[in-house]
Amino acid sequence: MTLDSGALAAATTKQEPSHRAGKQPLSEGKKAERRLGLWLCAPAAIIMVAVTAYPIIYAIWLSLQRYDLRFPAEREFAGLSNYGAVLTSAYWWQAFLITVIITVVSVAIEFVLGLALALVMHRTIVGRGLTRTVVLIPYGIVTVVAAFSWQFAWTPDKGYLAAMLSEGSAPLTGQASAIAIIILAEVWKTTPFMALLLMAGLALVPDDLLKAAQVDGAGAWQRLTQIILPMMKPAILVALLFRTLDAFRVFDNIYILTQGSNGTGSVSMLGYDNLFKAFNLGIGSAISVLIFVAVALIALLFIKIFGAAAPGSEPTGKR
Amino acid sequence: MADIVLDHVYKRYPDGTLGADDVNIEIADGEFIILVGPSGCGKSTTLNMIAGLEDISEGELRIGGARVNEKAPKDRDIAMVFQSYALYPHMTVRENMAFPLKLAKVDKAEIARKVEETAQILDLTQHLDRKPANMSGGQRQRVAMGRAIVRSPKAFLMDEPLSNLDAKLRVQMRTMVSKLQQRLETTTVYVTHDQTEAMTLGDRIVVMKSGVVQQIGSPQHLYDEPANLFVAGFIGSPAMNFLPATLENGSLRTSLGDLGMPDRVRRALEAADAPREVIVGIRPEHFEDAGVVEDHVRARGSVFTAEVDVLESMGSDKFAYFKIEGEQAMSDDLAELAADAGTADVPDSAGQLVTRLSATSQAREGERSEVWVDTDKIQIFDPHSGANLTSKDPATANA
Amino acid sequence: MTATAPANKKIGWGLINLLVILYALIPVLWIVSLSFKTADTITDGNFIPRSWTWSNYAQIFQINLFTSALRNSIGIALISTVIAVVIGTMAAYAIARLDFPGKKALVGVSLLIAMFPQISLVSPLFDIERAIGLFDTWPGLILPYITFALPLAIYTLSAFFREIPWELEKAAKMDGATPLQAFRSVIVPLAAPGVFTTAILVFIFCWNDFLFAVSLTSTSRSQTATVAISQFTGASQFAEPTGSIAAAAVLLTIPIIIFVLFFQRRIVAGLTSGAVKG
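As the structure is a prediction and not an experimental result, all values here were calculated from the model.

## With respect to the overall build of chain C
Moving on, step 1. Counting secondary structure elements, chain C contains eleven helices and zero strands.
Moving on, step 2. Listing the helices and strands of chain C from first to last along the sequence gives α-α-α-α-α-α-α-α-α-α-α.
Moving on, step 3. In chain C, which comprises 278 residues, the proportion classed as buried is 60%.
Moving on, step 4. A total accessible area of about 10,300 Å² is found for chain C, and carbon and sulfur atoms account for 69% of it.

Printed below as a string of structure tokens:
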């Protein structure tokens with residue numbers, strides 16, 4: 001199954017096969033099963049829809065208003081002018097570019113590092129348990145905490161990393177160096193997650209296959225590129241999709257490390273600032289909607305180009 | 001206890017295929033009936049429909065005279081033993097066996113008594129407080145049986161309950177199941193793909209193929225009077241030999257030579273208006289080394305001479321394998337049997353004649369040997385419909 | 001295996017593993033080190049403190065904002081976890097085991113939410129919650145936490161549920177159980193480890209959140225620890241907040257370390273279960 005929401009909607013109506021229609025009524029057991037299924041799913045479905053679908057529709061509505069919290073009386077319908085304002089603003093495009101750079105660079109590094117880490121954890125002959133335990137720490141640690149650790153480390157006169165730099169340099173105040181630090185913080189935190197997903201994919205490559213390749217004369221690099229990676233493709237795609245979407249939402253690290261100053265703000269940062277610094281709910285909502293659209297496009301792109309399948313959507317509950 | 005009746009039962013899947021196609025079976029109270037057939041023949045589907053785990057698309061299922069189509073499994077009062085045993089891994093043996101009684105709200109003292117009693121029957125008393133994970137396959141199997149019998153249900157359903165055991169244990173458990181059923185006298189429906197199990201256990205056997213019942217009858221009846229090529233080939237081990245033959249001047253021309261036709265066969269063929277081209281079926285034990293057959297017996301059969309390809313001495317008797325020259329018997333039923341047995345891919349297996357000779361036979365590998373055929377016992381089949389043209393059984397003539 | 005491996009190979013792997021361990025631990029050790037530095041050595045840039053003190057820890061507990069924030073964090077994360085896991089268990093069981101209309105739609109919706117940009121919800125939720133009085137309350141955070149934890153919970157749990165042999169449930173039905181009884185007495189005990197794992201993952205998710213917390217709270221009534229840390233100004237107006245932040249950060253990390261140390265295997269299984277099966 002793919003992620004096309006239209007197909008999803010169609011699939012639900014298709015659940016009732018035409019053969020069944022007009023035939024014998026469902027037995028007690030079958031009816032009870034359907035009832036139970038619906039009841040069990042209802043709370044989850046209601047909460048998820050109520051907390052996401054309604055607000056996003058409301059956000060679209062808000063984005064069409066002139067709505068400044070400082071002047072609530074001046075609220076009025078403004079059509080697409082908020083979108084016009086955002087899309088012609090240099091701030092938006094700069095934040096967008098920064099977000100894309102952070103996303104692409106960090107996911108690329110995470111993939112390479114994550115693969116290496118996965119291979120290490122999969123193949124290591126000593127300290128396997130310890131390594132696996134320790135790499136979970138970056139995954140589990142609170143992002144804000146990790147961000148502070150990096151911030152202090154790079155602060156001149158305070159940090160061990162800043163101390164290694166030349167006298168007087170303040171990496172967090174330069175645009176390029178600050179972005180590099182943001183990427184570093186992202187990569188450090190999420191590489192283990194990537195590695196775990198890839199390791200699960202690695203476990204699906206049968207050892208015999210690698211032995212066979214070795215006998216056939218494939219070197220380590222060839223085994224990796226010709227056998228391991230192609231067989232891990234599903235796991236890789238899922239890992240990349242989730243990490244890309246996740247990286248695109250980058251917020252915590254930037255908030256702590258630079259507050260988005262010196263041109264280091266992401267789109268999430270921009271949306272936040274418009275809401276809580278400029279108090280402009282109309283513009284803020286327009287940014288929210290645009291980010292939503294961008295994320296949807298990325299997801300669609302992944303599915304169209306790579307044919308990534310939804311995890312867990314495979315043969316669900318097949319009897 | 002109760003009888004079980006399947007009355008024109010169909011199972012139709014959403015894609016239109018039939019899992020069960022007009023199944024009619026009347027299972028008497030206390031009867032031990034076996035559903036047998038190759039995988040995908042609809043035997044498990046039929047069992048699941050009786051259990052209530054699958055819906056019946058059409059037709060009626062009656063247990064103890066009452067229609068139960070719409071009843072949930074729990075309201076049918078039948079117990080089931082699964083191939084994987086389906087023991088609850090988080091419960092001890094005692095808890096596993098007590099589970100159905102607890103659900104039925106039987107009082108505690110009664111539960112304890114029944115579990116003890118059942119454990120005694122199955123020799124599980126000393127294992128009652130163990131978890132299934134720490135038990136052997138045979139012990140787990142017994143626990144699964146125990147969970148079924150503890151609540152004295154109207155019927156037992158068993159879905160290949162012995163197929164996860166190794167060969168030796170399977171034979172032992174087979175005897176146990178058989179004894180248990182005789183003792184409890186509970187209606188039992190037992191699904192298997194193993195014809196030996198079917199032959200040894202059942203009061204009656206239902207042979208199924210592609211959702212269709214091929215024949216219902218006692219093991220001996222199915223063996224002696226198979227309704228069609230499929231049943232003939234499925235029941236019996238080693239399997240019946242099939243040879244293409246032509247009816248000519250009152251005898252059967254086969255690649256082994258001409259076989260004489262006894263009156264029984266001749267009359268049956270005339271009555272059935274048989275085609276000229278037929279398939280002859282001969283069971284391995286209906287051959288004998290011509291040298292050990294007494295003359296007056298020899299006269300009522302036919303004799304041919306051929307080179308022994310392989311000879312296996314079992315001690316009690318000898319199996320001699322001959323190569324069949326010329327074309328081989330062809331029919332849909334036979335192709336399906338070969339596919340199920342996996343012999344379709346084995347070179348030569350189809351062109352082989354299996355004979356079971358007495359231990360005193362002088363036949364040797366690689367030498368020509370005179371073999372006698374008891375033509376009295378041969379079966380003649382229609383190659384197109386697969387029907388047994390020589391069967392005396394009127395009920396199976398249309399199968 | 002280890003016994004037969006040549007010694008130099010073992011040393012090679014040991015070095016690589018050491019590298020991995022250093023990678024994971026250095027930033028954590030750095031913040032621990034800062035939390036133990038005295039006020040006058042905190043700016044010395046040394047990785048290891050020259051003089052040790054507990055005063056940073058003593059100080060943060062005198063900051064009212066932090067103690068209330070810690071209470072809020074624990075309360076909100078626990079409540080969200082319990083609710084999300086209960087609701088998620090119900091839905092995941094239905095998805096893995098039952099046949100009913102709308103199943104695929106539910107899987108699709110939860111997948112969409114897993115990819116949903118949270119920032120897109122911040123402005124509408126901010127406005128809605130102010131209007132209905134949920135702004136700056138526990139439920140105001142618990143609701144979005146549950147929502148975003150549910151996809152995680154449903155995926156992880158339905159993967160666990162699929163591992164439970166299906167025949168057991170059939171057996172329970174044959175033993176006379178209703179679907180609900182089959183769920184309660186057979187599936188729940190077998191699913192408990194999976195549920196527990198999911199609870200850990202969901203708790204980590206809620207504990208970690210910053211965006212919703214910083215957007216939907218404003219006072220000590222519901223501000224969580226992550227927000228409190230980010231707004232630390234020190235015990236007094238003139239004190240340098242680094243020590244306090246570091247100490248608070250270490251406290252926030254302790255539950256994570258405990259989970260990781262004790263449930264490493266489960267967390268790995270939980271994180272990867274949904275991903276590979278797809």
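We are not done yet, so read on.
## Topic: the overall build of chain A
Moving on, step 1. On a plain count of helices and strands, chain A comes out with twelve helices and two strands.
Moving on, step 2. Ordered by position from the N terminus, the helices and strands of chain A form the series α-α-β-β-α-α-α-α-α-α-α-α-α-α.
Moving on, step 3. Taking all 319 residues of chain A together, 55% fall into the buried category.
Moving on, step 4. Once local pairs closer than 6 in sequence are excluded, the contacts in chain A between residues at least 24 apart make up 68%.

## Comments concerning the sheet that holds strand β10 (residues 212–217) of chain B
All names here are of chain B.
Moving on, step 1. In spatial order, the strands read β6-β7-β8-β3-β9-β10; together these six strands make up an open sheet with mixed pairing. This sheet does not close on itself; its edge strands, each paired only once, are β6 (78–81) and β10. Sheet twist, expressed as the average angle between the axes of neighbouring strands with direction ignored, equals 15°.
Moving on, step 2. Judged from the five bridges that link them, strand β9 (residues 204–209) and β10 form a sheet pairing that is antiparallel.

## Overview of the interface of chain A and chain C
Moving on, step 1. Tallying the contact residues gives 104 residues for chain A and 109 residues for chain C.
Moving on, step 2. Taken together, the two surfaces of chain A and chain C that pack against each other cover about 9,500 Å², and 77% of this comes from carbon and sulfur.
Moving on, step 3. Joining chain A to chain C, the criterion identifies zero salt bridges.
Moving on, step 4. There are 18 residue pairs in polar contact (both at pLDDT 80 or more) connecting chain A and chain C.

## Quick word on the domain arrangement of chain C
Residue and element names in this part refer to chain C.
Moving on, step 1. You can read the domains of chain C as domain 1 (1–53) and domain 2 (63–277).
Moving on, step 2. Taken residue by residue, the interface counts five residues in domain 1 and seven residues in domain 2.
Moving on, step 3. The junction of domain 1 with domain 2 conceals about 500 Å² of combined surface from both sides, 92% of it contributed by carbon and sulfur atoms.
Moving on, step 4. Area buried by domain 1 at its contact with domain 2 is led by Ile31, Ser35 and Ile42, which between them contribute 67% of it.
Moving on, step 5. Between domain 1 and domain 2 we count zero salt bridges in total.
Moving on, step 6. Between domain 1 and domain 2 we count zero residue pairs in polar contact (both at pLDDT 80 or more) in total.
Moving on, step 7. Within the side of domain 1 that touches domain 2, the residues separate by chemical class into four nonpolar, one polar and no charged.

## Brief notes about the pattern of salt bridges
Moving on, step 1. Per the counting criterion, the structure on display carries 34 salt bridges over all chains.
Moving on, step 2. In this structure, aspartate 44 of chain C engages arginine 50 of chain C in a salt bridge whose closest nitrogen and oxygen atoms are separated by 3.8 Å.

## Re the environment of glutamine 172 of chain B
Moving on, step 1. Positionally, glutamine 172 of chain B belongs in helix α5 (residues 167–184).
Moving on, step 2. Once the C-alpha coordinates of glutamine 172 of chain B and arginine 298 of chain B are considered, the two residues, 126 residues apart in sequence, prove to be 40 Å apart.

## What to know about the side chain of glutamate 167 of chain C
Moving on, step 1. Mapped onto the elements, glutamate 167 of chain C comes out in helix α7 (residues 166–174).
Moving on, step 2. Despite being buried, glutamate 167 of chain C has no salt bridge partner; lysine 170 of chain C is the closest side chain of opposite charge, sitting 5.2 Å away.
Moving on, step 3. Residues contacting glutamate 167 of chain C, with those up to four places away along its chain left out, are Phe82, Gln83, Ser84 and Ala86 of chain B.

## Concerning empty space enclosed by the protein
Once rolled over the atoms, a probe with the size of a water molecule shows which space is left empty.
Moving on, step 1. Applying the stated criterion to the full structure yields three cavities of 30 Å³ or more.
Moving on, step 2. If you add up the space inside the largest cavity, you get close to 1,200 Å³.
Moving on, step 3. The wall of the largest cavity is formed by 36 residues, among which Tyr139, Phe193, Asp246 and Arg249 of chain A together with Phe205 of chain C lie closest to the centre.
Moving on, step 4. Mapped onto the lining of the largest cavity, the elements with two or more residues apiece are α7 (175–202), α9 (220–248) and α10 (252–257) of chain A together with α4 (103–114), α6 (138–163), α8 (179–208) and α11 (242–277) of chain C.
Moving on, step 5. Tallied by class, the residues present in the lining of the largest cavity amount to 21 nonpolar, eight polar and seven charged.

## Looking at the UniProt feature "domain: ABC transmembrane type-1" (unreviewed entry) in chain A
Moving on, step 1. The positions UniProt marks with the feature "domain: ABC transmembrane type-1" (unreviewed entry) are residues 96–302 of chain A.
Moving on, step 2. The distance from the first to the last C-alpha atom of residues 96–302 of chain A is 19 Å, and the span holds 76% helix and 0% strand.

## Some details on the UniProt feature "transmembrane region" (unreviewed entry) in chain C
All names here are of chain C.
Moving on, step 1. If you check UniProt for "transmembrane region" (unreviewed entry), the listed places come out as residues 12–32, 74–96, 105–126, 138–161, 182–205 and 245–263 in our numbering.
Moving on, step 2. Spanning residues 105–126, this segment combines 82% helix with 0% strand, and its end C-alpha atoms are found 28 Å apart.
Moving on, step 3. Between the end C-alpha atoms of residues 245–263 there is a gap of 28 Å, over a span that is 100% helix and 0% strand.

## Things to note about the nonpolar core
Moving on, step 1. Among the nonpolar cores identified, the biggest contains 227 residues, and Ile4, Leu6, Leu157 and Val189 of chain B together with Phe161 and Phe212 of chain C are the most heavily contacted of them.
Moving on, step 2. When residues of this core are assigned to their parent elements, the largest contribution, 14 residues, is made by α7 of chain A.
Moving on, step 3. Setting aside anything within four residues of it in sequence, one finds phenylalanine 161 of chain C in contact with Thr89, Ala92, Tyr93, Ala96, Arg97, Ile187 and Ala191 of chain C.
Moving on, step 4. Counting 52 residues, the second-largest nonpolar core is a separate cluster that includes Leu87, Val93, Ile205 and Phe230 of chain B.

## Examining the sheet that holds strand β18 (residues 352–358) of chain B
Residue and element names in this part refer to chain B.
Moving on, step 1. The five strands are arranged β15-β19-β16-β17-β18 in an open sheet whose pairing can be described as antiparallel. Looking at the sheet topology across the chains shown, the edges are occupied by β15 (287–289) and β18. Across the sheet, the mean angle from the axis of one strand to that of its neighbour is 50°, orientation sign disregarded.

## Re the UniProt feature "transmembrane region" (unreviewed entry) in chain A
All names here are of chain A.
Moving on, step 1. Feature annotation in UniProt places "transmembrane region" (unreviewed entry) on residues 36–61, 91–121, 133–154 and 278–303, given in this structure's numbering.
Moving on, step 2. Taken end to end, residues 133–154 comprises 91% helix and 0% strand; its first and last C-alpha atoms sit 27 Å apart.
Moving on, step 3. The span residues 278–303 shows a helical share of 88% and a strand share of 0%, and its end C-alpha atoms are spaced 37 Å apart.

## Digging into the pairing of strand β12 (residues 251–254) of chain B
Residues and elements named next belong to chain B.
Moving on, step 1. For strand β11 (residues 241–248) and β12, the ladder comprises three bridges, and the chain directions are antiparallel. If you follow glutamate 248 over to β12, its bridge partner there is serine 251.
Moving on, step 2. Following β11, the chain reverses through two residues before pairing antiparallel with β12; asparagine 249 in that reversal takes a positive phi of roughly 50°.
Moving on, step 3. Pairing of β12 with strand β13 (residues 257–260), which is carried by four bridges, proceeds in the antiparallel orientation. Bridge pairing links leucine 252 to leucine 259 in β13.
Moving on, step 4. Hairpin connection from β12 to β13: two residues lie between these consecutive antiparallel strands.

## Some remarks on the interface of chain C and chain B
Moving on, step 1. Chain C puts 16 residues into the contact, and the matching count from chain B is 23 residues.
Moving on, step 2. It is Glu167, Met174 and Asp175 of chain C that lose the most area in chain C upon contact with chain B, and together they represent 43% of the buried surface on that side.
Moving on, step 3. The interface formed by chain C and chain B contains two salt bridges.
Moving on, step 4. Here arginine 147 of chain B makes a salt bridge to aspartate 175 of chain C, at a shortest N to O gap of 3.3 Å.
Moving on, step 5. Along the contact surface separating chain C from chain B lie six residue pairs in polar contact (both at pLDDT 80 or more).
Moving on, step 6. For the side of chain C that touches chain B, the elements supplying multiple residues, two or more each, are α7 and α8 of chain C.
Moving on, step 7. Examining the composition of the side of chain C that touches chain B, we find that seven residues originate from one element, α7 of chain C, more than from any other.
Moving on, step 8. Across the side of chain C that touches chain B, the residue classes break down as eight nonpolar, four polar and four charged.

## Re a nonpolar patch on the surface
Residue and element names in this part refer to chain A.
Moving on, step 1. A surface patch of nonpolar side chains, amounting to about 520 Å² of accessible area, comprises Leu97, Val100, Ile101, Val104, Val105, Ile109 and Leu113.
Moving on, step 2. In this fold, isoleucine 109 is placed in helix α4 (residues 90–123).
Moving on, step 3. The class of isoleucine 109 is partly exposed, set by a relative accessible area of 36%.

## Side note on the packing of aromatic side chains
Residue and element names in this part refer to chain B.
Moving on, step 1. Under the criterion given, the structure shown has 40 aromatic pairs over all chains.
Moving on, step 2. Ring plane angle 15° and centroid distance 5.8 Å describe the contact between phenylalanine 230 and phenylalanine 234, whose orientation is recorded as stacked. Of this pair, phenylalanine 230 and phenylalanine 234 both sit in helix α8 (residues 229–234), separated by four residues, roughly a single helical turn.
Moving on, step 3. Overall, the relative accessible area of 8% leaves phenylalanine 234 in the buried class.

## A few points about α9 of chain A
Moving on, step 1. For α9 of chain A, with 29 residues, the first-to-last C-alpha span of 34 Å runs short of the 42 Å given by 1.5 Å per residue.
Moving on, step 2. The largest bend along α9 of chain A measures about 65° and falls at lysine 233 of chain A, with the proline proline 234 of chain A one to four residues further on.

Calculation criteria
Along every chain, residues carry numbers that run from 1 in the direction the sequence is written. Both sets of labels track the order of writing: A upward for chains, 1 upward for ligands. In view of the model being predicted, local features appear only for residues whose pLDDT reaches at least 70, and side-chain atom pairs are presented and counted only at 80 or more, with totals across whole chains, interfaces and linings using the full set of residues. Hydrogens are left out, water is left out, and the side-chain values use all remaining heavy atoms of the structure. Counting from the N terminus, the helices are the DSSP runs of H or I reaching at least four residues and the strands are the DSSP runs of E reaching at least two. Only protein chains enter the area calculation, which uses a 1.4 Å probe; residues under 20% of their type maximum are buried, those over 50% are exposed, and those in between are partly exposed. To measure how exposed things are, a 1.4 Å probe is used in the Shrake-Rupley method; for residues, cover is taken only from the protein chains shown. The contact criterion used is simple: two residues touch if any of their non-hydrogen atoms lie within 4.5 Å. By the convention used here, strands pair only if DSSP detects at least 2 bridges between them. Note on definitions: angles span 0 to 180 degrees between N-to-C directions of axes, and those axes are lines fitted to C-alpha atoms, for helices only across the stretch in contact. As used here, buried area is the combined drop in accessible area, with a 1.4 Å probe, of two parts when they are placed together. Any Lys or Arg side-chain nitrogen located within 4 Å of an Asp or Glu carboxyl oxygen qualifies as a salt bridge. Polar contacts here mean pairs of N or O atoms no more than 3.5 Å apart (in protein, one a potential hydrogen donor and the other a potential acceptor; neighbouring residues in sequence count only if both atoms are side-chain atoms). Annotation comment: domain bounds sourced from an automatic or database domain assignment. As a working rule, the residues Ala, Val, Leu, Ile, Met, Phe, Trp, Tyr, Cys and Pro are called nonpolar, Asp, Glu, Lys and Arg charged, and the rest polar, with Gly in that last group. His is not counted, nor are the chain ends; Lys and Arg add positive charge and Asp and Glu add negative charge. Cavity and pocket criteria rest on a 1 Å grid covering protein atoms alone: a 1.4 Å probe that fits but cannot get out defines a cavity, protein on both sides within 12 Å along at least 5 of 7 lines defines an open pocket, and an atom within 4 Å of a point defines a lining residue. Grid points are joined across faces, edges and corners, and a volume is the space filled by probe spheres set on the points. UniProt positions are given in the numbering used here, feature names are shortened, and annotations may be inferred rather than shown by experiment. The set of buried Ala, Val, Leu, Ile, Met, Phe, Trp, Tyr and Cys residues whose side-chain atoms join them within 4.5 Å is what this entry labels a nonpolar core. Only residues whose relative accessible area exceeds 30% and that take part in no salt bridge are eligible for patches, with like-charged residues grouped when within 9 Å of each other and nonpolar side chains (Val, Leu, Ile, Met, Phe, Trp, Tyr) grouped when within 5 Å. Ring geometry is summarised as follows: Phe, Tyr and Trp rings, the Trp one being its six-membered ring, pair when their centres sit within 6.5 Å, and such pairs are stacked at plane angles under 30 degrees, edge-to-face over 60 and tilted between the two. Here the expected length of a helix is defined as 1.5 Å per residue gap, with one fewer gap than residues. To get the bend at a given residue, fit one axis to the seven residues ending there, fit another to the seven starting there, and take the angle between those axes.

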